[in-house]
Amino acid sequence: MGFLHPLSLLLSLYSSFLLLATLSVFSDQSPKKTYIFRVDRFAKPSIFPTHYHWYTTEFLADPSALLHQYDTVFHGFSASLTPSQASAALRHPALLVAFDDRRRTLHTTRSPQFLGLRNQRGLWSESDYGSDVIVGVFDTGIWPERRSFSDLNLGPVPARWKGVCQTGVKFTARNCNKKIVGARFFSKGHEAAGGFGAGGGINETVEFLSPRDADGHGTHTASTAAGRYSFQASMSGYAPGIAKGVAPKARLAVYKVCWKNSGCFDSDILEAFDTAVKDGVNVISISIGGGDGISSPYYLDPIAIGSYGAVSRGVFVSSSAGNDGPNAMSVTNLAPWLTTVGAGTIDRNFPADVVLGNGRKLSGVSLYAGEPLKGKMYPIVYPGKTGILSASLCMENSLDPNMVKGKIVICDRGSNPRVAKGMVVKKAGGVGMILANGESNGEGLVGDAHLIPTCAVGSDEGDLIKSYVSSSAIATATINFKGTVIGIKPAPVVASFSGRGPNGLNPEILKPDLIAPGVNILAAWTDAVGPTGLDSDTRKTEFNILSGTSMSAPHVSGAAALLKSLHPDWTPAAIKSAMMTTASVTDNRFSLMSDEATGKASTPYDYGSGHLNLGLAMDPGLVYDITNDDYVSFLCSIGYGPKTIQVITRTPVNCAMKRPVPENLNYPSIAALFSTSTSDKPSSKTFIRTATNVGPLNSVYTARVESPKGVTVTVKPPKLVFSEKVRKLMYAVTVTVDSKNLVLDDSGAVYGSLAWLDGKHVVRSPIVVTQINPL
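Residues numbered from 1 in each chain as written. Predicted model: local features only at pLDDT ≥ 70, side-chain atom pairs only at ≥ 80, totals over all residues. Heavy atoms only, no water.

J.: How would you explain the state of the cysteines if you had to name every residue and give the values?
T.: With the rule as written, the count across this model stands at 4 disulfides. Here C636 engages in a disulfide with C655; their sulfurs sit 2.0 Å apart. Because the sign of the S-S torsion sets the handedness, a value of about -85 degrees for the bond joining C636 and C655 places this disulfide among the left-handed ones. With a gap of 19 residues between them, C636 in helix α18 (residues 628–637) and C655 in the loop between α19 (642–649) and β30 (670–675) connect regions that are remote in the sequence. Assessed through its relative accessible area of 7%, C636 is described here as buried. The exposure class assigned to C655 is partly exposed, which follows from its relative accessible area of 28%. Numbered by order of appearance in the sequence, the disulfide-linked cysteines of the protein chain pair as 1-2, 3-4, 5-6, 7-8. Its sulfur unpaired, C455 is 13 Å from the next cysteine sulfur, which belongs to C411. Taking relative accessible area as the criterion, C455 reaches 0% and is therefore assigned buried. (Disulfide = S-S within 2.5 Å. Helix = DSSP H or I, 4+ residues; strand = E, 2+ residues; numbered from the N terminus. Buried < 20%, exposed > 50% of the residue type's maximum accessible area, 1.4 Å probe, protein only.)

J.: Give a detailed account of helix α14 (residues 549–566), specifying residues and quantitative values.
T.: With 18 residues, α14 extends 26 Å from end C-alpha to end C-alpha; this agrees with the ideal 26 Å at 1.5 Å per step. Of all 18 residues that make up α14, 18 are buried, and the element is covered over most of its length. (Expected span 1.5 Å × (residues − 1).)

J.: I'd like a rundown of the sheet that holds strand β31 (residues 683–693), residues and numbers included.
T.: Taken together, 4 strands build an open sheet; the order of strands is β29-β31-β35-β33 and the sheet is antiparallel. Edge positions in the sheet fall to β29 (622–623) and β33 (711–716), since each of these pairs with one other strand and no more. Strand direction decides the pairing type here: β33 and strand β35 (residues 728–737), joined by 6 bridges, are antiparallel. By the bridge assignment for β35, T712 is matched with T736. (Pairing = 2+ DSSP bridges.)

J.: Lay out the side chain of D353 with the relevant residues and their values.
T.: Secondary-structure assignment places D353 in strand β18 (residues 351–356). For D353, a relative accessible area of 3% corresponds to the buried category. A distance of 2.7 Å separates a polar atom in the side chain of D353 from a polar atom in the side chain of K482. Ignoring sequence-local partners within four residues, the contact set of D353 consists of K361, L362, S363, C455, T478, I479, N480 and K482. (Polar contact = N/O pair within 3.5 Å; in protein donor to acceptor, adjacent residues only side chain to side chain. Contact = heavy atoms within 4.5 Å.)

J.: So what's going on with the sheet that holds strand β15 (residues 316–320)? Residues and values would help.
T.: Taken in spatial order, the 7 strands line up as β7-β10-β6-β13-β15-β16-β26 in an open sheet, and their pairing is parallel. Since the sheet does not close on itself, it has two edges, and those belong to β7 (180–185) and β26 (514–517), each with one partner. Pairs of neighbouring strands in the sheet enclose a mean axial angle of 25 degrees, with direction left out of account. Two strands pair when backbone bridges link them, and strand β13 (residues 283–286) and β15 are joined in this way by 4 bridges, in the parallel orientation. Residue V283 lies in a different strand from β15, and its bridge partner there is F316. The sheet strands contacting helix α15 (residues 572–581) are β15, β16 (339–344) and β26, and the helix crosses β15 at an angle near 50 degrees. (Axes fitted to C-alpha atoms, helices over the stretch in contact; angles between N-to-C directions.)

J.: If you had to explain the pairing of strand β37 (residues 762–772) to someone new, which residues and values would you point to?
T.: Counting buried positions along β37 yields 10 of 11 residues, so the element is predominantly enclosed. Examined bridge by bridge, β30 and β37 share 6 bridges and lie parallel to one another. The residue bridging I670 from the neighbouring strand is I767, located in β37. In this sheet, β37 lies alongside strand β36 (residues 749–757) in antiparallel orientation, the contact comprising 9 bridges. Looking at β37, one finds that L757 is bridged to V762. Once β36 ends, the chain turns through 4 residues before running back antiparallel as β37, passing G759 with a positive phi of about 100 degrees.

J.: If you had to explain unusual backbone geometry to someone new, which residues and values would you point to?
T.: Cis peptide bonds are those with omega within 30 degrees of zero, and the linkage from A491 to P492 qualifies with 0 degrees. Tracing the backbone shows P492 in the loop between β25 (485–486) and β26. P717 follows K716 through a cis peptide bond whose omega is -5 degrees. Within the fold, P717 resides in the loop between β33 and β34 (719–721). A positive phi angle, close to 60 degrees, is found at N397, a residue other than glycine. Tracing the backbone through its elements, the reader meets N397 in the loop between α10 (389–392) and α11 (401–404). Residue F590 is not a glycine yet carries a positive backbone phi of 65 degrees. Of note, F590 is situated in the loop between α15 and α16 (604–607). Here F590 falls in the exposed class, since its relative accessible area comes to 74%.

J.: How would you summarise the confidence of the model for the protein chain if you had to cite specific residues and measurements?
T.: Residue-level pLDDT values for the protein chain average 88, and 90% of them are 70 or greater. Note that residues 1–27 has pLDDT below 50 and, in this model, 48 contacts with residues that lie over four places away or in other chains. (pLDDT = per-residue confidence, 0-100.)

J.: So what's going on with the environment of Q646? Which residues, and what values?
T.: Mapped onto the elements, Q646 comes out in helix α19. For Q646, a relative accessible area of 2% puts it in the buried group. Through-space distance from the C-alpha of Q646 to that of S707 is 39 Å; in sequence the pair is 61 residues apart. Excluding residues that lie within four positions of it along the chain, Q646 makes contacts with R38, D40, F42, L96, T651 and P652.

J.: Summarise the pattern of salt bridges; cite the residues concerned and give the values.
T.: Applying the stated criterion to the full structure yields 25 salt bridges. The residue D513 makes a salt bridge to K511 at a minimum N-O spacing of 2.8 Å. Residue D513 is classed as buried on the basis of its relative accessible area, which comes to 0%. The residue K685 makes a salt bridge to E663 at a minimum N-O spacing of 3.1 Å. Highlighted residues: K685 in strand β31 and E663 in the loop between α19 and β30, separated in sequence by 22 residues. According to the relative accessible area criterion, K685 is partly exposed, its value standing at 27%. For E663, a relative accessible area of 9% corresponds to the buried category. Within the structure, one salt-bridge network assembled from shared partners comprises R102, R104, D266 and D301. (Salt bridge = Lys/Arg side-chain N within 4 Å of Asp/Glu carboxyl O.)

J.: Could you give an account of the packing of aromatic side chains, naming the residues involved and the relevant values?
T.: Counted under the stated rule, the structure contains 25 aromatic pairs. Note on Y701 and F722: the rings are 6.1 Å apart at their centroids and 85 degrees apart in plane angle, and the pair reads as edge-to-face. On the criterion of sequence distance, the pair formed by Y701 in strand β32 (residues 700–706) and F722 in the loop between β34 and β35 is long-range, its members being 21 residues apart. Across this residue pair, the class does not change: Y701 and F722 are buried. In this structure an aromatic cluster arises from ring pairing among Y298, Y299, Y308, W337, Y631, F634 and Y640. The ring of F74 has R38 lying over it, and the distance from NZ or CZ to the ring centre is 5.6 Å. Of note, R212 hangs over the ring of W143, and the distance from its end group to the ring centre comes to 4.4 Å. (Phe/Tyr/Trp six-rings, centres within 6.5 Å; stacked < 30°, edge-to-face > 60°. Lys NZ or Arg CZ within 6 Å of the ring centre and 35° of its normal.)

As C-alpha cells, this is what we get:
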C-alpha cells in the first residue's frame, strides 16, 4: 500500500502561514499571544547601534513586549502581542516569517554495558569517559545533590566554557561544580502564556523558579547521559547495582526549558539553543517534541531551526523520536541534521505473574515495592463490562466502590496516566490492579512504581483475563512479584511506543536514525516528587525507573560525548554516521530484532539503521560527512526558496537552477521512493554518496548488497580504494524496481542493505524501497 506524499501537506501549511501573515484586521481587544519573528539581520539600518534597538523601535510599540532576542542559532525575537500588533509588525519587509509560540511535551543501570561499553578497554577508557566534553541537557532542570552529579576527582572545567550558574529558588552558585558546569532556566515564553497561573506568579509548592528540577524528568535524562558511578543504586530494590551514565565524566550544562505539569514553549527552547551554543556545549540532548502528532515544516519548527544553528557550529544534537508508536508515520524531530532516536529494550526486566483462580498463570511486569499479596486469592472484576468507557479506563471518579471494594480491578491502558489508574482503584477500595494493554499497545510493557499491587499485561493476556472473568461465576486472582531478572532474551526489542517511520515530511530521509535503550531505565531522580510523579505519592527515591524515547535520546547524547572526546575533529554528521553504520539489527539470539507490539520481525521504519553499538562506533572505518552547503542543497531540493531557507540558515542562500534531489543528501541510509505505475517496465533511481576514510590510510572496501525481492541494487564502483592522498571517494547506488515481482509489506515498503567491507569493518546502510501515490 502506498501513502500520500507529504509535500501536499507542507504546501497546505505554507499557504496557511501566508494567509496568517497577510491578515491585517484584528480587534485591539484580542488577548495577547507570543509570536516568534525571524528577521533578516542584514537589513538592520546602520542608525541603530544594536539589533535590540532596531527591534524595539521599528517592530514593537512597547519595548516591554519583547521576551527573547535571538542572535546565534536564529536571528530575531519573540514578543507578547495582540494579533493586530503582530500583523502590523509583519508588514515590515525585514521580517521573513512569524509563527505562534507552541507548547511542546516531554517524551517520557545496565544500559551502558548493553551498548558494548567495558571498563578496562574500548571507548570508555580511550575517551577518558568523555571528561573534556560538555553535554547540554534541555529538560526540566536538575536535582544537583544526587551522587550522579558528584565532581569528585574531575579535572578543571574546560577552558572554552562561557556559561553561568543562574541562581533562583533553592538553587545557589554552590549547586554548580566541576560536573554541573552551568545551569540556566528559561521561563519568559512560559509566563507570557500564563503558565505560572494568574498574574504570572509561580506556585512554589509545585515548581521552582530556578534550574532545580520539580518534575524528575530532567534529572533522569541528565544522569542517563553523563551520570557518575553511583554504588548500591536501585529503585526500591529493583535494578540493584552500580548506576552510571553513558559518559560518566562528561560535564553537564543544564537548560531548564520545561516546567512541571505545563510543558515547554518554543520561544524558550529557541533561546536555550541560542544560549547553549554561545556557552560552549559540544552536545545537546533534547527529549522534547510536538504533542499534536503533526510535524511542522522545518522553517516553522524552532527545534529544527535551533538545532540547525547548533549543528552548523559543530554541536551534535540528539533528539527523541516520540512515543506515539507503533502507529506508522509517528516519528517526530525529522530534520536531517538532527539525530533522531527511537527506543529499544535491554536484557533486564521486572516480571510479575497474574495467577487466575482456574490455575492459569499469565506473565506481565511491575515495579510495585509495597506489601505483596502473598499468594492470597481475591475476587477480580472488569468495570469495562458495563460499557462505560471511563470505567474501563479507571478514570477519576469512574469506579463504583460497591463493585470494586476488596477486589482486584482490571483497568484498560489509555487516556490517563498508568499510575493514576491505580490511585483511582485504591480510592474506590480495590486491593490491586491488572493494567491491560489495548490492541494499539500490543504486547509492549513498561514497569511503573505503582502504589497498589499491580501487574501490567499485554493485549493478548488482558483478553484472556477478561474472558475468564466473564465466563466464571466467581473469578479470583492474585499477583506475584518476581523482582529483577537479567539476561532476558530476546533483547533488544523495538519498544511498542517508539515513534515509527516513514518520515512524514520527507520520506526520502529515513527516520528514526537509530534506536537505543529506552525501556525500564534506572537513573537519578528528584526529591520533589515520588517515583510515580503523582502529588499523592509521598515516597522519596534517589533513583527511578522510566521508559520512553526520552530515555533513549540521552544514551545517544552520552555516546556522542564519548565519540567527540575520542575524535575531536569529527563533525556532528560524522559522529552520527559512525553510530548509524555500525548499529546492530540483530538481538542477543542472533536473530533479526523483533517488534514488541507485534512479536514479528522489525524493519528500518521501526529502528532506522539499527540499535546503537558503541563497541563498534568508535572505529567505523568510513563515515558519511555532511556540510552546511549540503543541508542547504537539501532544503533547495524539497522546494524551499531562498527566503524560506534563510529562516533556518540565518544567511541568504542561492539555489541552483537545476533543482537537486533530496535523496542525494550524503545520508548514512538510503530511502528510494517510486510512484505507483501501471507500466510493466522496471523503474530506476540512482543515489550518490561520498565515503570518507577514518580508518587505516591504505584501505580497500568491497560492496556487499542485499537486494529485496523485486528490486535490483547495483553499486559503481563495487570497490573503494583509499590511500594517503585519497581520503574521500564517491560511488553510485542504482535501485531498480520490477513492479510485477514487488511484494510490499503493510508499510508499503521492502528492505535491503548496502555494506562496505575491508576485512575488519562493516559499514552498513539500510535501503528502504517504497511506492507512493503521485500527487
